[in-house]
Protein chains: 2
Amino acid sequence: MEKKELEALAEAVLGQILVPLEASGRHVHLTKAQAMALFGHDLTPERPLSQPGQYLCRERVTVAGPKGELKNVAVLGPERPEGQVEISLTDGKVLGIQPPVRQSGDVKGTPGCILAGEKGKITLECGVLAAKRHIHLAPEDGRRFGVRDGQRVRLQTYTERPVVFEDVTVRISPKFAAAVHLDYDEANACGFRKGDWGRILS
Amino acid sequence: MEKKELEALAEAVLGQILVPLEASGRHVHLTKAQAMALFGHDLTPERPLSQPGQYLCRERVTVAGPKGELKNVAVLGPERPEGQVEISLTDGKVLGIQPPVRQSGDVKGTPGCILAGEKGKITLECGVLAAKRHIHLAPEDGRRFGVRDGQRVRLQTYTERPVVFEDVTVRISPKFAAAVHLDYDEANACGFRKGDWGRILS
């Protein structure tokens, strides 16, 4: 076998027992109306993300809080029913906003911020959060790993600074591809590098 | 018993089985000559740190790398035989320097940077590192926890985002007070708040 084939085989075998780790940078989800207010047009897909149907957009925003701002923040598509700003606790220090650690979509009572695009500015009344670490799995992955949707598991990282993350939420959907989502604080804390893997412990 | 007495008692009891967590912000250690070049005088103690004899200085420096700089960085005293800049991997992105994860003092072959103080600028040929997470213990703590100097243990955090840090180095000296030292990436990854504790797992 050639080296490339061997690597593909190794990855397929590893994927049976391990889950690829991914670091989610700070990013924003927008409604159709918010995208229109910020950019004057709908979101433009730039490249697909690991989760089927999700994409990075060509558009960028500035996120502003009482203490500072983060420029050039990624916007992910498609549009959602509610705007949401996912940042790390470190980013929160820069903005002067303390984001609660929440599941994506659980924006009720979270702090707000100001978003600026090339065509306009909007105020989000709420929606700033630090995404709770989670594992995306397709139903067949869930069966193989013996875990169910919503279950909280421990995850061992095979990284330079190995860590067991406790209280990692499993999310199972036919729309998902297997991937652990960490934020950059977590990714740096475990010394994550692209291509690293994790193991579900229970 | 009054509330204060109860709290002190609880802390004393917890300290028998747990170790207090501390987040180390980015900071710099300097030689006497470097302090002189940067400030025109010796380091001035401002307040003591948890480790006996160590102190935060009144002086501050700017740390500069090829991509950016960090202003108002803490200087810790007393002076050391070698200069050293301890930053997080997140800070490294800002500076454009990739710090290796090392024990404090193990500066050989690490990247350098530029330091600026109110009186001058110096170039460090090496010394930029991300401090490997570690536990300071006094000898009696080491006996109580059944660990020896240099041992690598696992550490469970009792924090908002609980984590088991693997490969945490135990450092034992009569000069030490019991404390786990995490950098800010690690502290944020586990949702550390002042007063949180960890448990040595072995």
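This report concerns the structure included in the present document.

**Looking at the overall build of chain A**
No. 1: Broken down by element type, chain A carries 5 helices and 15 strands.
No. 2: Against the 2.2 N^0.38 benchmark of 17 Å for 202 residues, chain A shows a C-alpha radius of gyration of 18 Å, consistent with a compact globule.
No. 3: When the backbone C-alpha atoms are referred to their principal axes, chain A occupies close to 55 × 30 × 30 Å.
No. 4: When each of the 202 residues of chain A is scored for burial, the buried share is 49%.
No. 5: Per element, the accessible surface of chain A, about 9,900 Å² overall, is 53% carbon and sulfur.
No. 6: Where the 28 positive side-chain charges of chain A centre and where its 26 negative ones centre are 3 Å apart.

**Concerning the pattern of salt bridges**
No. 1: Scanning all chains against the criterion turns up 26 salt bridges over all chains.
No. 2: Across the salt bridge formed by Glu7(A) and Lys3(A), the nearest N and O atoms sit 3.3 Å from each other. Taken together, the residues span about one helical turn, with Glu7(A) and Lys3(A) both in helix H1 (residues 3-17) at a distance of 4 residues.
No. 3: Owing to a relative accessible area of 63%, Lys3(A) belongs among the exposed residues under this scheme.
No. 4: Among the salt bridges present, the one from Arg152(B) reaches Asp167(B), with a minimum N-O distance of 2.5 Å. Pair noted here: Arg152(B) is in strand E12 (residues 152-158) and Asp167(B) is in strand E13 (residues 163-172), with a separation of 15 residues, a long-range link.
No. 5: Judged by relative accessible area, which is 19%, Asp167(B) ranks as buried.

**Overview of helix H2 (residues 32-39) of chain B**
Residues and elements named next belong to chain B.
No. 1: When H2 is considered as a whole, its buried residues turn out to be Gln34, Ala35, Leu38 and Phe39. Each buried residue of H2 lies within a common arc of 105 degrees when the element is viewed along its axis, so the set occupies one face.
No. 2: Contact partners of the buried residues in H2: strand E2 (27-29), strand E4 (55-64), strand E5 (69-77), strand E8 (113-116) and strand E9 (121-124).
No. 3: Looking one or two residues beyond H2, the residue adopting positive phi is Gly40, at roughly 80 degrees.

**Here we look at the packing of aromatic side chains**
No. 1: For the coordinates displayed, the defined rule picks out 0 aromatic pairs over all chains.
No. 2: The ring of Phe145(A) carries Arg144(A) above its face, with NZ or CZ at 4.9 Å from the centroid.

**What about the nonpolar core?**
No. 1: If you look at the biggest cluster of nonpolar residues, it comprises 36 residues, and the most contacted ones within it are Ile135(A), Ile200(A), Ile135(B) and Ile200(B).
No. 2: When residues no more than four places from it in sequence are discounted, the contact partners of Ile200(B) are Val19(B), Ile135(B), Leu137(B), Phe145(B), Val147(B), Val153(B), Arg154(B) and Leu155(B).

**Looking at the interface of chain B and chain A**
No. 1: Contact residues are listed per partner, giving 22 residues for chain B and 23 residues for chain A.
No. 2: Summing the contributions of chain B and of chain A, the shared interface buries around 1,900 Å²; its carbon and sulfur component is 47%.
No. 3: Three residues stand out in chain B for area buried against chain A, namely Arg161(B), Glu166(B) and Asn188(B), and they jointly supply 29% of the buried area on that side.
No. 4: Across the chain B-chain A interface, the total number found is 4 salt bridges.
No. 5: The salt bridge partner of Glu186(B) is Arg161(A), with a shortest N-O separation of 3.3 Å.
No. 6: Summed over the shared surface of chain B and chain A, the number is 15 residue pairs in polar contact (both at pLDDT 80 or more).
No. 7: Counting residues per element, the ones that place at least two in the side of chain B that touches chain A are helix H3 (89-95), E12, E13 and helix H5 (184-189) of chain B.
No. 8: Across the side of chain B that touches chain A, the residue classes break down as 9 nonpolar, 3 polar and 10 charged.

Cut-offs applied
Residues numbered from 1 in each chain as written. Chains lettered and ligands numbered in written order. Predicted model: local features only at pLDDT ≥ 70, side-chain atom pairs only at ≥ 80, totals over all residues. Heavy atoms only, no water. Helix = DSSP H or I, 4+ residues; strand = E, 2+ residues; numbered from the N terminus. Rg over C-alpha atoms; globule rule 2.2 N^0.38 Å. Buried < 20%, exposed > 50% of the residue type's maximum accessible area, 1.4 Å probe, protein only. Areas by Shrake-Rupley, 256 points an atom, 1.4 Å probe, with all protein chains shown as cover. Lys, Arg positive; Asp, Glu negative; His and termini not counted. Charge placed at Lys NZ, Arg CZ, Asp CG, Glu CD. Salt bridge = Lys/Arg side-chain N within 4 Å of Asp/Glu carboxyl O. Arc of directions from axis to C-beta. Contact = heavy atoms within 4.5 Å. Phe/Tyr/Trp six-rings, centres within 6.5 Å; stacked < 30°, edge-to-face > 60°. Lys NZ or Arg CZ within 6 Å of the ring centre and 35° of its normal. Core = buried A, V, L, I, M, F, W, Y, C linked by side-chain atoms within 4.5 Å. Buried area = accessible area lost by both parts, 1.4 Å probe. Polar contact = N/O pair within 3.5 Å; in protein donor to acceptor, adjacent residues only side chain to side chain. Nonpolar A, V, L, I, M, F, W, Y, C, P; charged D, E, K, R; others polar.

All quantities given are derived from atomic positions and should not be read as evidence of function.
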